[in-house]
Amino acid sequence: MNAQLTPAPAQGDLDAFWMPFTANRQFKANPRLLARAEGMYYWTADGREILDGVAGLWCVNAGHGRREITEAVTKQLGTMEYAPAFQMGHPIAFELANRLAKIAPPGLERIFFTNSGSESVDTALKIAIAYHRARGAGQRIRFIGREKGYHGVGFGGMSVGGMVNNRKVFGSSMLPGVDHLPHTLDVGNNAFSRGLPEWGAHLADALERLIALHDGSTIAAVIVEPIAGSAGVVLPPIGYLKRLREICDKHDILLIFDEVITGFGRVGKPFASQAFDVTPDLMTTAKGLTNGAIPMGAVFAHRKIYDAFMQGPENAIELFHGYTYSAHPVACAAALAALEVYTKEGLLTRAASLASEWENAVHSLRGLPHVIDVRNYGLIGAAELEPRAGKPGARGFEVFLKCFERGVMVRQTGDTIAMSPPLIIESKQIARIVETLGTAIREVG
Ligand SMILES: Cc1ncc(COP(=O)(O)O)c(C=O)c1O
């Protein structure tokens, strides 16, 4: 227990922080301040216990306050707080990359470090373009994303992303040469599917049409989330990802999986690509990499991609890209400690053993007022609510607030409530999250 909590700021002191992805005026009128965390719980500044139903923001996979991570970070700060990774190296960056390569999907054994999911995505897009150029196919500069995709907030990620509110204000600043596949959410055909929906593999064939439109030889990469989280949990229909892989192979297009939320155990395997048995060429990660303790991201690249860059004079830089904090020693220490915890406690696969209990629990919400769909996979769940006439998102926001009042943190996107608890969750906590959400849905009406 941290006895010296920073006192909660007074109402007027909330003005200076322009909060990200937040209704600032609503929040500052009714703040929800988290002050302490341990295991499955947060405590608010006024001492209320909050069960964490979203692993912070899909990142605290091993639960809060892990002593092993704190100790590793503290030790690293005392040993060497910073070292550059440009033309220099430090041992634990290599140790971490080797460690990650061991749990990577087949062949994705070359690791580029970033500081966030957004940076991982922009890095992967740049690597894709530079890779084709290195092989003499410099005309491959187009990207295909997907409607409802979320790939962070950099200009690259925003352009390939497909969430309208994240795009519409910035319209003229999008990357040129980007097109989008249709999304795979279809409540009409797939409502209340348990696990992956049966209907919709054919939606991948839209890629053939985009290829016919632009010509395959102009396309660098297709980027999708194996499971989209931010848009309200959108699952891939059975066979859909395999089909995307086949079409990409046929046209020599790289396939990028954005595993920023699905990585590090969320779906019962280290990565969703392993759970779905479809291997991309590049994979973006962040969040669970350090258990959320220190910002860090990693792009996993197939060996063939890395090898394509390793030509020309040996003293020449092969990829003109990187961040001051790429492979930051403190982040590397946090990631190594997180991986150690994940491995020791079996957390990279634990979601698989909880999946059916989780599925039954979240599907118990079926039949409650205004619940039009329930979706689940691994330790991911979502309940979609019917929007109020003319007020999209209002019902979802009220349900989110009610859950918080009742001591459970969930995540709201529009009228969908998403859940992605830490992978250490126990049965009674699964029950409490779902019961609280059910009560909130009834109360809000
Ligand atoms: C799939 C996906 N990609 C990228 C990002 C962006 O990550 P970050 O917020 O660390 O930049 C997110 C964040 O939620 C995400 O879910």
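Residues numbered from 1 in each chain as written. Predicted model: local features only at pLDDT ≥ 70, side-chain atom pairs only at ≥ 80, totals over all residues. Heavy atoms only, no water.

Draft legend 1. Structural view of the site of the ligand. As a matter of local geometry, the ligand sits amid Ser116, Gly117, Ser118, Tyr150, His151, Gly152, Glu225, Ser230, Asp258, Val260, Ile261 and Lys287. Serine 118 places a side-chain nitrogen or oxygen 2.6 Å from an oxygen atom of the ligand. Contact distances for the ligand include 2.7 Å between a nitrogen atom and a side-chain N or O atom of aspartate 258. Relative to its unbound accessible area of 390 Å², the ligand is 83% covered by the protein chains. (Near = heavy atom within 4 Å. Polar contact = N/O pair within 3.5 Å; in protein donor to acceptor, adjacent residues only side chain to side chain. Areas by Shrake-Rupley, 256 points an atom, 1.4 Å probe, with all protein chains shown as cover.)

Draft legend 2. Quick peek at the nonpolar core. One finds Leu96, Leu100, Phe113, Phe300 and Val399 to be the most contacted residues of the largest nonpolar core, which totals 68 residues. With 12 residues, helix H13 (residues 329-344) is the single largest residue contributor to this core. Counting 33 residues, the second-largest nonpolar core is a separate cluster that includes Leu207, Ile247, Cys248 and Ile380. (Core = buried A, V, L, I, M, F, W, Y, C linked by side-chain atoms within 4.5 Å. Buried < 20%, exposed > 50% of the residue type's maximum accessible area, 1.4 Å probe, protein only. Helix = DSSP H or I, 4+ residues; strand = E, 2+ residues; numbered from the N terminus.)

Draft legend 3. Layout of the side chain of serine 159. Position of serine 159 among the secondary structure elements: in helix H6 (residues 155-160). On the accessibility criterion, serine 159 (1% relative accessible area) is buried. Filtering out sequence-adjacent residues up to four positions away, serine 159 remains in contact with Arg167, Met174, Leu175, Val178 and His180. (Contact = heavy atoms within 4.5 Å.)

Draft legend 4. Here's a closer look at the pairing of strand S11 (residues 371-377). Counting buried residues along S11, six of its seven residues qualify, which places the element largely inside the surrounding structure. Here S11 pairs with strand S12 (residues 380-385) via six bridges, running antiparallel. Note on S12: the bridge partner recorded for asparagine 376 is glycine 381. Linking two consecutive strands that pair antiparallel, namely S11 and S12, is a turn of two residues; a positive phi of about 55° is found at glycine 378 within it. (Pairing = 2+ DSSP bridges.)

Draft legend 5. View of unusual backbone geometry. Phi at tryptophan 58 is positive, roughly 65°, even though this residue is not glycine. Turning to its location among the elements, tryptophan 58 is positioned in helix H2 (residues 55-58). A relative accessible area of 5% means that tryptophan 58 is categorised as buried. At phenylalanine 264, a residue that is not glycine, the phi angle is positive and equals roughly 65°. Its place among the elements puts phenylalanine 264 in the loop between strand S8 (254-258) and helix H11 (272-275).

Draft legend 6. Representation of the packing of helix H3 (residues 67-79) against H13. Interhelical geometry of H3 versus H13 gives an angle of 155° and a closest axis separation of 8 Å. Put simply, H3 runs roughly antiparallel to H13. Considering how the two elements wind past one another, H3 and H13 form a crossing that is right-handed. Along its contact with H3, which presents Glu68, Ile69, Ala72, Val73, Gln76 and Leu77, the element H13 presents Pro329, Val330, Ala333, Ala334, Ala337, Ala338 and Val341. Considered class by class, the residues forming the contact of H3 with H13 number 11 nonpolar, one polar and one charged. (Axes fitted to C-alpha atoms, helices over the stretch in contact; angles between N-to-C directions. Parallel < 35°, antiparallel > 145°, perpendicular 65-115°, else oblique. Left-handed = near helix turned anticlockwise from the far one by under 90°. Nonpolar A, V, L, I, M, F, W, Y, C, P; charged D, E, K, R; others polar.)

Draft legend 7. Layout of the environment of leucine 181. Tracing the chain through its elements places leucine 181 in strand S6 (residues 178-181). Residue class for leucine 181 comes out buried when judged on its relative accessible area of 0%. Counting along the chain gives 126 residues from leucine 181 to aspartate 307, while the straight-line C-alpha distance between them is 30 Å. Once residues lying within four places of it in the same chain are set aside, the contact partners of leucine 181 are Ile144, Gly145, Arg146, Glu147, Ala206, Leu207, Leu210, Val222, Val224, Tyr240 and Leu244.

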